[in-house]
Amino acid sequence: MATYKVARIEEFEELKPKLVKIGPKEVAVYMHKNCFFAYLNECPHQGGPACEGAVWGDLLCELASNKTIAKKYTSTDTYNIICPWHGLEFDLQTGIARGTICSDMKLTLRKINVSVEAGEVNIEVG
Ligand code: FES
C-alpha cells in the first residue's frame, strides 16, 4: 500500500469529488459533513466513470395512514453517487448500490482508505 496526498481539508467542497490519477487508476475523494469517502472511479456494472456522475440526496417518502405516499422529499443526510453511464446509484458512505435489483447483484464501488493528518487528506492505494 502506498499513501498519496490528495489535498488539504479546506480545499474540499461538500459532496464535490476530487479526482486523483494514480497510474492507470483514478480515485474520487468526497467530503460530506467533514467525513471523507474515496472510491475507485470504476463502476462495478460495466466499468463506467461512476464518480464523474452527480451526487443526489436520497429520495424518501412518508406514507399516509391509507398507505399512499403523503410526502416525497430529498434527504440532506444520505446521498448517492449516480453513475453517468446507466444511472445505477451507489451509497456515498458505503459504495453499495441502492435498489432491490442492484442489491441482489451485490454491486459495490471499490472503497479506498482515507486518512486525515495535520489537515491533509490522504488515500492508500495498493
Ligand atoms: S457502467 Fe455504471 S451503471 Fe453501467
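Residues numbered from 1 in each chain as written. Predicted model: local features only at pLDDT ≥ 70, side-chain atom pairs only at ≥ 80, totals over all residues.

So, on to the sheet that holds strand β6 (residues 69-82). Strand order across the open sheet formed by three strands is β5-β6-β7, with antiparallel pairing between neighbours. Each having just a single partner strand, β5 (55-63) and β7 (89-91) make up the two edges of the open sheet. Adjacent strand axes in the sheet meet at a mean angle of 50°, parallel and antiparallel pairs treated alike. (Pairing = 2+ DSSP bridges. Helix = DSSP H or I, 4+ residues; strand = E, 2+ residues; numbered from the N terminus. Axes fitted to C-alpha atoms, helices over the stretch in contact; angles between N-to-C directions.)

The backbone phi angle of L15 is positive, close to 65°, even though this residue is not glycine. Tracing the backbone through its elements, the reader meets L15 in the loop between β1 (2-8) and β2 (18-22). By C-beta crowding, L15 is classed as partly exposed, having 16 other C-beta atoms within 10 Å. In this model, N34 sits at a positive phi of 65°, which is unusual for a non-glycine residue. (Buried ≥ 20, exposed ≤ 12 C-beta atoms within 10 Å, placed from the backbone.)

Membership of the largest hydrophobic core comes to 25 residues, with the highest contact counts inside it found for V27, A28, V29, A38, A50 and I123. Elements that contribute at least two residues to this core include exactly β3 (25-32), β4 (35-40), β6 and β9 (120-125). In terms of residue count, the dominant contributor to this core is β3 (five residues). (Core = buried A, V, L, I, M, F, W, Y, C linked by C-beta atoms within 7 Å.)

Another point: the environment of Y73. Here Y73 is to be found in strand β6. The class of Y73 is exposed, set by 11 C-beta atoms lying within 10 Å. Along the chain, Y73 and E89 lie 16 residues apart, while their C-alpha atoms are 17 Å from each other.

What follows covers the pairing of β3. Pairing analysis gives five bridges linking β2 to β3, with the strands arranged antiparallel. By the bridge assignment, V20 is partnered in β3 with V27. Adjacent in sequence and paired antiparallel, β2 and β3 are bridged by two residues, among which G23 carries a positive phi angle near 60°. Two elements, β3 and β4, share six bridges in a ladder whose sense is antiparallel. Bridged to Y30 within β4 is F37. Joining the antiparallel neighbours β3 and β4 is a turn of two residues, in which K33 adopts a positive phi near 50°.

This part is about the sheet that holds β4. Strand order across the open sheet formed by six strands is β1-β9-β8-β4-β3-β2, with antiparallel pairing between neighbours. For this open sheet the edge positions go to β1 and β2, each flanked by a neighbour on one side alone. With strand direction ignored, the average angle separating the axes of adjacent strands in the sheet is 30°. Bridging between β4 and strand β8 (residues 111-117) involves two bridges; their strand directions are antiparallel. Bridge pairing in β8 places Y39 opposite K111.

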